[in-house]
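Overview (structure and organization)
This is what each chain is made of:
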Amino acid sequence: MFSVLLGIPLIGAVVCGVNTKRRILEVATIATGVIALATSLWIARTVSEQSTLTSPKGLLFVDALSAFVIIIVAGSFLATALYSPEYLGRQVQLGTVSQKQLRLYYGLLNIFLFTMLFVLVSNNLGFLWIGTESTTLATAFLVAFYEKESSLEAAWKYVIICSVGIALALFGVILTYFASSSVVGSSANALHWTVLMSVAKKLDPSVLRIAFIFVLVGFGTKAGLAPMHTWKPDAYGEAPAPVSGLMAAGLVNVALYSILRFYILVHKALGDAYASDLLLALSLFSMVLAVPFMLVQKDFKRLLSYSSVEHVGIITFAIGLATPLAYVGALLHMLNNSIAKLLLFFSTGSMRGVYNTKIIRRVSGAMHVMPVTATVFILAVFAVTGWPPFGLFVSELTILSAGFGSGNIWMSVFFIGVITTIFLGFFYYASGMVWGEPYRKQEPAESDTMTQLLLVALLLLLLILGVAMPSGVSDFIQKAAKVIEG
Amino acid sequence: MTFLDIPTGAQFIDIFAAAILVTAFLIVSSKSLVFYVRLFALQSLLLGGVAMLVVFAYGETHILIAAVLTIILKAIVIPIVLWRIIDRIKIRKEVELSINVTVSLLICGAMVIFADSIAEPIRNSKQVLNPIAGRVFPVSIAIMLIGLFIMMSRKKAVTQIVGLLTMENGLFLSGLSITYGMPLIVEIGVFFDILVAALILGVFVFRINRTFDSIDVADLRRLRH
């Protein structure tokens, strides 16, 4: 099972590496996505029957929590693979993207999937670190894809800031190893998560406290928690829209997953509110910082990046509340936010393809030009700002009731204030893009049928998660939340 | 297999660690890109030396491969790559400072004292410490902090790469001092990542040079808000 999950993206990367035909590249990547998603569902099924799945040598390991994130990542990858042909197709026709660049794009996309899955199935926390750093390296050239001044600048900042962040996380991993090697002896086992959990109570708490700060800052940089988020608007803004979508829907959750693993360990070892208080502090900062930047934004991709900062803040907030209900809310929000981010980046990506700009004011009257895409976009804006009947309404309500239930009254009120303000700003900009007077005469240019179907399907998924959550999904999320409880 | 007795080994490790700290300070005080790269190579060589001493004095053979990799990759391969970059793109060879050398050195001196206080909880930890940890661990934190400082206060792209690599040297030293290094399989993965990161950044330097006609990171300021 592990070999299929990790092997498929590598095979996909090799196939993309030796081909330049556009069709083959597209089909190979979509096939990778389909098989990866099918495998992840299969793994989830197995895990829900026997709770954990470990490879013979114990290096790889999956439980309900990792299986849940694997499904999100594989699903987001499939959606990205389905959307890329339309987005890049327009640019190939315009001649801005060459065949060679296409090969690089699809090859790196597959490697990117591999690195994310590698993080999620690693039992060894050292491997988890290696995988996370590899995600930065795999996406570096995807961010710099257009080779313009601005995209090179974004990619440079992205690699430098994330590498520094992740170096700090490595220090946290070294300290964790220090704490555990004195209990279980110096061997690779001392970094195995399963081993660490079994000796959690014996680990030196003062060392773990320091380790957690470094891990949180490090992986928090990858997740884009403020104040370490500064690479995010640049990288998301400059990367091709499908890549931004996959980073906001997949990579963010992978980084949050890494934080969660350490959180579970430290929470269990210390038995106090130390770890959750740190998470709460960072999450409030992320939420409050996103607000002004979203209200004055001129560029819609950067607007979406700050929305990503905000939602990472919301998920971290939920984890920091540290109650079983809040954990369920956090996981649910991971799933919902991913789908919403894919919808937003894809629909605005198509608009960018038509209008050839990222400036909000220059995109106007999209409803006349591309009615389906524009409708999906405006509904996705309602969804991402927490309106019923979409999934994010349910998850934010869950988090909110967990917040009030656990007595964090002022923080919860603050949370309501943030999401209301952000809705007003977001809706103001989006309504102009969709309904405003056309900036200049624009011929109708709707996306191709496959892209329309993809967008509608993702929106339906978000609707189903909002109004009629299948019992299978909610049961599985309950199981994953149990893992976080330790 | 111990070729050295432990007290002698520990003494050598102390000397090497101190020398690494000196190279970090010399990097901060240097104004020439060429010196940056040479000093970094020397620093990595000394770090490889510390790892070798851990192998031969303490019999921690699993670190041998990491020690050899440090010397080959960080003291030879990466410096040559950086050297080529500096040579090929004909950049002005002086480092541009946003904080002058005197103030920089004072700040780094303060960082050493700060590092010592960060290391305090580890030194006081109930766990059994390696004989070298008490002295070398604070030094490793100081080197990490100085690496971070180089990245923030020096504007050339190459200096940022050297800063990042210095930080990672500090990390490796901290691992050596408190745990005799991470498990081998993890260490190799970390090395691979660092090498790829340095190469990718090197490629970016070329491209930035092509599009901006300079590798001054201060020119990278188009993206705001």
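Provided above is the structure to which this section pertains.
Below, the structure is looked at part by part. (Residues numbered from 1 in each chain as written. Chains lettered and ligands numbered in written order. Predicted model: local features only at pLDDT ≥ 70, side-chain atom pairs only at ≥ 80, totals over all residues. Heavy atoms only, no water.)

**Regarding the overall build of chain A**
Assigned secondary structure in chain A consists of 19 helices and two strands. Over its C-alpha trace chain A gives a radius of gyration of 21 Å, about what one expects of a compact globule, namely 23 Å for 486 residues. On the principal axes, the C-alpha backbone points of chain A span a range of 70 × 55 × 45 Å. Intrachain contacts of chain A at a sequence separation of at least 6 include 80% that bridge at least 24 residues. Carbon and sulfur atoms make up 67% of the accessible area of chain A, which totals about 15200 Å². Charged side chains of chain A number 29 positive and 22 negative; the gap between the two group centres comes to 4 Å. (Helix = DSSP H or I, 4+ residues; strand = E, 2+ residues; numbered from the N terminus. Rg over C-alpha atoms; globule rule 2.2 N^0.38 Å. Contact = heavy atoms within 4.5 Å. Areas by Shrake-Rupley, 256 points an atom, 1.4 Å probe, with all protein chains shown as cover. Lys, Arg positive; Asp, Glu negative; His and termini not counted. Charge placed at Lys NZ, Arg CZ, Asp CG, Glu CD.)

**Overview of the pattern of salt bridges**
Residues and elements named next belong to chain A. One pass over the full model with this rule turns up 13 salt bridges over all chains. A salt bridge links Arg261 to Asp63, with the nearest nitrogen and oxygen atoms 2.8 Å apart. Here the residue Arg261 occupies a position in helix α10 (residues 241-270), and Asp63 occupies one in strand β2 (residues 61-63), the gap between them amounting to 198 residues. For the residue pair Arg261 and Asp63, the accessibility class agrees, reading buried in each case. A salt bridge links Glu238 to Lys358; the nearest nitrogen and oxygen atoms lie 3.3 Å apart. Taken together, the positions of Glu238 in helix α9 (residues 231-238) and Lys358 in the loop between α13 (324-355) and α14 (366-369) put the pair 120 residues apart, joining distant regions of the chain. Grouping residues by exposure puts Glu238 and Lys358 together as buried. Taken together, the shared-partner salt bridges in this structure form one network comprising Glu153, Lys157, Asp234 and Arg302. (Salt bridge = Lys/Arg side-chain N within 4 Å of Asp/Glu carboxyl O. Buried < 20%, exposed > 50% of the residue type's maximum accessible area, 1.4 Å probe, protein only.)

**Here's the deal with the interface of chain A and chain B**
Across the contact, 50 residues belong to chain A and 49 residues belong to chain B. Taken together, both faces of the contact between chain A and chain B bury some 4500 Å²; the carbon and sulfur share is 76%. On the chain A side of the contact with chain B, A:Glu153, A:Trp156 and A:Phe178 bury the most area, a combined 18% of that side's loss. Taken together, the links from chain A to chain B amount to one salt bridge. A salt bridge links A:Glu147 to B:Arg207; the shortest N-O distance between them is 3.5 Å. Where chain A meets chain B, there are two residue pairs in polar contact (both at pLDDT 80 or more). Those elements that place two or more of their residues in the side of chain A that touches chain B are α5 (125-143), α6 (149-184), α8 (205-223), α9 and α12 (300-321) of chain A. Looking at the side of chain A that touches chain B, the element that brings in the most residues is α6(A), giving 24 residues. (Buried area = accessible area lost by both parts, 1.4 Å probe. Polar contact = N/O pair within 3.5 Å; in protein donor to acceptor, adjacent residues only side chain to side chain.)

**Topic: a nonpolar patch on the surface**
Taken together, the side chains of B:Val68, B:Ile72, B:Ile76, B:Val77 and B:Ile80 present a nonpolar region at the surface, about 360 Å² in accessible area. Examined against the element boundaries, B:Ile72 turns out to sit in helix α3 (residues 64-88). (Patch = residues over 30% accessible without salt bridge, like charges linked within 9 Å, V, L, I, M, F, W, Y side chains within 5 Å.)

**Brief notes about empty space enclosed by the protein**
Counted by the stated rule, this structure contains two cavities of 30 Å³ or more. The space that makes up the largest cavity amounts to roughly 110 Å³. Taken together, 13 residues make up the lining of the largest cavity; nearest its centre are A:Leu170, B:Leu171, B:Phe172, B:Glu187 and B:Val190. Looking at the lining of the largest cavity, the elements that each hand over two or more residues are α6 of chain A together with α6 (157-179) and α7 (184-212) of chain B. Residues that form the lining of the largest cavity fall into these classes: eight nonpolar, two polar and three charged. (1 Å grid on protein atoms, 1.4 Å probe; cavity = no way out; pocket = protein on both sides within 12 Å on 5 of 7 lines; lining within 4 Å. Points joined across faces, edges and corners; volume = space filled by probe spheres on them. Nonpolar A, V, L, I, M, F, W, Y, C, P; charged D, E, K, R; others polar.)

**Regarding the environment of A:Val207**
Mapped onto the elements of the fold, A:Val207 is located in helix α8. Through-space distance from the C-alpha of A:Val207 to that of A:Phe178 is 8.2 Å; in sequence the pair is 29 residues apart.

**Section: the packing of aromatic side chains**
All names here are of chain A. Counted under the stated rule, the structure contains 26 aromatic pairs over all chains. Look at Phe61 and Trp193: their rings are 6.1 Å apart centre to centre, the planes differ by 35°, and that puts the pair in the tilted class. Highlighted residues: Phe61 in strand β2 and Trp193 in helix α7 (residues 193-198), separated in sequence by 132 residues. In this pair, the class of Phe61 matches that of Trp193, namely buried. (Phe/Tyr/Trp six-rings, centres within 6.5 Å; stacked < 30°, edge-to-face > 60°.)

**Some details on α6(B)**
All names here are of chain B. The end-to-end C-alpha distance of α6 is 33 Å, a good match for the 33 Å that 23 residues give at a rise of 1.5 Å each. Of all 23 residues in α6, 23 are buried; the element is thus mostly enclosed. Looking one or two residues past α6, Tyr180 carries a phi angle of roughly 55°, positive in sign. (Expected span 1.5 Å × (residues − 1).)

**Quick look at the packing of helix α5 (residues 133-153) of chain B against α6(B)**
All names here are of chain B. The interhelical angle for the contact between α5 and α6, taken along N-to-C directions, is 165°, at an axis separation of 7 Å. Accordingly, the angle class assigned to the pair α5 and α6 is roughly antiparallel. Helix-helix and strand crossings are classified by hand; for α5 and α6 the assignment is left-handed. Two secondary-structure elements touch here, α5 through Ala133, Val136, Phe137, Val139, Ser140, Ile143, Met144, Gly147, Leu148, Ile150 and Met151 and α6 through Thr159, Gln160, Gly163, Leu164, Thr166, Met167, Gly170, Leu171, Leu173, Ser174, Ser177 and Ile178. Among the residues making up the contact of α5 with α6, the classes are represented as 14 nonpolar, nine polar and no charged. (Axes fitted to C-alpha atoms, helices over the stretch in contact; angles between N-to-C directions. Parallel < 35°, antiparallel > 145°, perpendicular 65-115°, else oblique. Left-handed = near helix turned anticlockwise from the far one by under 90°.)

**Considering the environment of A:Ala273**
All names here are of chain A. Relative to the assigned elements, Ala273 resides in the loop between α10 and α11 (274-295). Under the relative-accessibility criterion, Ala273 is labelled partly exposed at 38%. On a C-alpha basis, the gap between Ala273 and Gly320 in space is 8.8 Å, while along the polypeptide they are 47 residues apart.

**Overview of the environment of A:Gly58**
Structurally, A:Gly58 can be placed in the loop between β1 (52-54) and β2. Considering only alpha carbons, one finds A:Gly58 and A:Asn123, 65 residues apart in sequence, at a separation of 7.0 Å.

**Description of the side chain of A:Glu310**
By the element assignment, A:Glu310 lies in helix α12. Discounting residues that sit within four places of it in the chain, A:Glu310 has contacts with A:Met287, A:Ala290, A:Met294, A:Ile419 and A:Ile422.

**Observations regarding a positive patch on the surface**
A grouping of A:Lys298, A:Arg361, A:Arg362 and A:Arg440 is seen on the molecular surface, where their side chains present a positively charged patch. Checked against the element boundaries, A:Arg362 lands in the loop between α13 and α14.

**What to know about the packing of α11(A) against α12(A)**
Residue and element names in this part refer to chain A. Where α11 contacts α12, the two axes come as close as 8 Å, and the packing angle between them is 155°. Taken together, the axis directions place α11 and α12 in an arrangement best described as roughly antiparallel. Judged by the sense of rotation from one axis to the other, the crossing of α11 with α12 is left-handed. Residue-level inspection shows Ser276, Leu279, Leu280, Ser283, Leu284, Ser286, Met287, Leu289, Ala290, Phe293 and Met294 of α11 in contact with α12, the latter providing Leu303, Tyr306, Ser307, Val309, Glu310, Gly313, Ile314, Thr316, Phe317, Ile319, Gly320 and Leu321. Tallied by class, the residues present in the contact of α11 with α12 amount to 15 nonpolar, seven polar and one charged.

**Observations regarding the nonpolar core**
Counting 283 residues, the largest nonpolar core has A:Tyr263 and B:Phe204 as its most contacted members. Once you skip the residues sitting within four places of it in the chain, B:Phe204 turns out to touch A:Ala140, A:Phe141, A:Ala144, A:Leu152, A:Ala155, A:Trp156 and A:Val159. (Core = buried A, V, L, I, M, F, W, Y, C linked by side-chain atoms within 4.5 Å.)

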